[in-house]
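Architecture and fold: a report
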Amino acid sequence: MTRTIQQGADELRAAMSGTVLVAGERGYDEARRVLNADIDRYPAVVARCASATDVAAAVRYARAEGREIAVRGGAHSMSGQSTVDDGLVIDLSGMREVTVDPEARQVRVQGGALLSDMNAATQAHGLAVPAGIVGHTGVSGLTLGGGMGWLTRSCGLSIDNLLGAEVVLADGRIVQTSPAEHPDLCWALRGGGGNFGVVTEFRFRCHEVGPMIDFALFFWGLDQGAEAWRCMREVSATLPRGLTPILGAINAPPAPFVPEANQLQPGYAMMIAGFGSPEQHAAAVEQVRAQCPPLVDLVTPMPFVALSEMFDEANAWGQYYYEKSVYVAEVTDEVIAAITEQAPAKTSPLSIALLYRLDESYCDVGEEDTAFSGGRTPRWATFLVANTLDAASLPAERAWVRAFYEALRPLSLDDTAYVNAMTEDEPDRVRASYGPAKYARLAAIKAEYDPDNAFHRNINIR
Ligand code: FAD
């Protein structure tokens, strides 16, 4: 007799304390949605887990029924890896607890927590874990790929601060990992993505940050492009470890500090977040203003939590996204020429190109210490992101991202990229980004922990 989806779901329901949803049930349509509205998939079953034991039951159910597994943390995967047609979604959104140990300066974070959950809990003690720049991103997917943002220069990547994790393996076993327990698995989780199991809890080291930080945003029009980028490059090169620059091609925000005529106009921006002395931040601000007076600037102290949620609205759920990325070693004149040629062609004010500086603390970690997809030499990670309010506008913006990528590719570090910013299935670029030795080590660990590739909806290690 053929089992129906409903029969299998009922059995899973009986084995779980969380919720199990199938098509037609209340909550199913909401549960199948992900950040990117361009992704519209219909899983057979969504298992909204409440514990590691629930996750183990869901993994066993999917393996027994031969269902494809998708694991969902914050659902930010732009290619929709955290959902799947006809398969099982292991949805961790009900597991968002964050427990801070202020004495030990450590934090335990459940697999469904968002960066905003982690930031709120740690900031209550004046602490933070380095992570990304959008608050509704999932801690899980971001960390498993690396995790870069405002604190990378001063405190490293998220994985550089990962102390251990609880993981549900492909056979349903629940294991603890740390440099002392399953050290190979612990190493692989630090950059190797969701290939090795479902992480139900992370343990991070925290740093003293904020609660107030110094922020500056400078904006130049398209006509000032080359001059502005040369200035951004020169200032960035002089910044001490406590100041983080992010550079970009953006549209001026429709905010009160921007004159009406400039609001939403395309141009170039430099942001500098200061986590060290206010004097150092003020000196950097003066340097930019003197060297290349911007059209508009905003210089203000702000809570670290506000900085970490500044881009949440622009990257809201229900918009249409596509992304590509490369590393460049420096913002050379050729890179500036490519940016200033490509950037003006975008048509959506929400689409952006951002450059994150990876140096200082990022470079203090050894090449082989983590499974990160990128060398530890100084570099810029580019994020070329199409972002539109409606489906009809996406194809033009996708073409813009692809053309931008093709222009930067010959100037990049061997066409390598941060795996968390790869939207397409690009196995050759994935191998190149890890490098042959690291990829082989990851493949050996994959063969040990997930020989059947049950966890393959990710940047897959083959
Ligand atoms: P999900 O879609 O839930 O998961 C992504 C991948 O991880 C999937 O393959 C999924 O199966 C797997 N996965 C998720 N949870 C688990 C788990 N618990 N165990 C095992 N596997 C799991 N990255 C940065 O480093 N810095 C940034 O500043 C940054 N900003 C971003 C801003 C936006 C708007 C977006 C869309 C992305 C951004 N990213 C950034 C990229 C981000 O790191 C990746 O998209 C990441 O995969 C998101 O994780 P998630 O949990 O939200 O996504």
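Please read these numbers as outputs of a predicted model, since none were measured by experiment.

Attention now moves to the overall build of the protein. In terms of regular secondary structure, the protein is built from 15 helices and 19 strands. The C-alpha atoms of the protein give 22 Å as radius of gyration, which agrees with the globular expectation for 462 residues (23 Å, within 12%). For the protein, the spread of C-alpha atoms along the principal axes amounts to about 75 × 50 × 40 Å. Within the protein, the fraction of its 462 residues that count as buried is 59%.

This part covers the site of the ligand. Close contacts around the ligand come from 33 residues, with Gly 73, Ser 82, Met 148, Tyr 356 and Tyr 418 the closest. With respect to the ligand, the backbone of Val 199 contributes an N or O atom lying 2.9 Å from a nitrogen atom. Between an oxygen atom of the ligand and a side-chain N or O atom of Asn 420, the distance comes to 3.1 Å. Protein chains bury 95% of the 950 Å² of accessible surface belonging to the ligand in isolation. Counting residues per element, the ones that place at least two in the shell around the ligand are strand E3 (69–72), helix H5 (139–145) and strand E10 (198–205). Across the shell around the ligand, the residue classes tally to 14 nonpolar, 17 polar and two charged.

Bringing empty space enclosed by the protein into the picture now. Per the stated rule, a full pass over the model turns up one cavity of 30 Å³ or more. Taken as a whole, the largest cavity holds about 50 Å³ of empty space. What lines the largest cavity is simply Asn 119, Val 129, Pro 130, Ala 131, Gly 132, Trp 150, Leu 151, Phe 304 and Ser 308. Grouping the constituent residues of the lining of the largest cavity by class yields six nonpolar, three polar and no charged.

In this section: the sheet that holds strand E5 (residues 98–101). If you trace the five strands from one edge of the open sheet to the other, you get E5-E6-E10-E8-E9, paired in antiparallel fashion. For this open sheet the edge positions go to E5 and strand E9 (174–177), each flanked by a neighbour on one side alone. Along the sheet, successive strands turn relative to each other by an average axial angle of 10 degrees, direction set aside. Relative to E9, strand E8 (residues 162–168) is paired through four bridges, and the arrangement is antiparallel. Within E9, the residue paired with Glu 166 across the bridge is Gln 176. Strands in contact with helix H3 (residues 52–65) are E8, E9 and E10; relative to E8, the strand with the most contacts, it is inclined by about 50 degrees.

A word on the nonpolar core. The biggest cluster of nonpolar side chains holds 41 residues, and the ones touching the most others in it are Met 148, Trp 150 and Phe 383. If you list the elements that add at least two residues to this core, you get strand E12 (212–221), strand E13 (243–251), strand E14 (266–274), strand E15 (296–303), helix H10 (304–307), strand E18 (352–358) and strand E19 (379–388). Inspection of this core shows a minimum of three residues originating in each of domain 2 (98–209) and domain 3 (212–421). Among all residues touching Phe 383, those that are not within four sequence positions of it are Met 148, Glu 323, Lys 324, Ile 352, Ala 353, Leu 354, Tyr 356, Tyr 418 and Ala 421.

With that out of the way, let us pick up helix H1 (residues 5–15). Buried residues of H1: Gly 8, Ala 9 and Leu 12, and no others. The buried residues of H1 all sit within an arc of 100 degrees when viewed along its axis, so they share a single face. Close packing links the buried residues of H1 with strand E1 (19–22), strand E2 (45–48), H3 and strand E4 (88–91).

What follows covers the state of the cysteines. Under the criterion given, the structure shown has zero disulfides. With no disulfide of its own, Cys 186 has Cys 206 as its nearest cysteine by sulfur position, at a separation of 16 Å. Left unpaired, Cys 292 is separated from the closest cysteine sulfur, that of Cys 231, by 4.7 Å. By relative accessible area, which is 0% here, Cys 292 ends up buried.

A few words now on the side chain of Asp 91. When you line up the elements, Asp 91 lands in strand E4. What Asp 91 contacts, discounting residues up to four positions off in sequence, is Val 46, Ala 47, Arg 48, Cys 49 and Arg 72.

So, about the sheet that holds E4. With respect to topology, four strands assemble into an open sheet ordered E1-E2-E4-E3, the strand pairing being mixed. The open sheet is flanked by E1 and E3, the only strands paired with a single partner. Taken pair by pair, the neighbouring strands of this sheet meet at an average axis angle of 20 degrees, ignoring direction. Direction of pairing for E3 relative to E4: parallel, over a ladder of four bridges. Bridged to Val 71 within E4 is Ile 90. Together, E1, E2 and E4 form the strand contacts of H1, whose direction differs from that of E1 by roughly 175 degrees.

Reading guide: rules and limits
Residues numbered from 1 in each chain as written. Predicted model: local features only at pLDDT ≥ 70, side-chain atom pairs only at ≥ 80, totals over all residues. Heavy atoms only, no water. Helix = DSSP H or I, 4+ residues; strand = E, 2+ residues; numbered from the N terminus. Rg over C-alpha atoms; globule rule 2.2 N^0.38 Å. Buried < 20%, exposed > 50% of the residue type's maximum accessible area, 1.4 Å probe, protein only. Near = heavy atom within 4 Å. Polar contact = N/O pair within 3.5 Å; in protein donor to acceptor, adjacent residues only side chain to side chain. Areas by Shrake-Rupley, 256 points an atom, 1.4 Å probe, with all protein chains shown as cover. Nonpolar A, V, L, I, M, F, W, Y, C, P; charged D, E, K, R; others polar. 1 Å grid on protein atoms, 1.4 Å probe; cavity = no way out; pocket = protein on both sides within 12 Å on 5 of 7 lines; lining within 4 Å. Points joined across faces, edges and corners; volume = space filled by probe spheres on them. Pairing = 2+ DSSP bridges. Axes fitted to C-alpha atoms, helices over the stretch in contact; angles between N-to-C directions. Contact = heavy atoms within 4.5 Å. Core = buried A, V, L, I, M, F, W, Y, C linked by side-chain atoms within 4.5 Å. Domains from an automatic or database assignment. Arc of directions from axis to C-beta. Disulfide = S-S within 2.5 Å.

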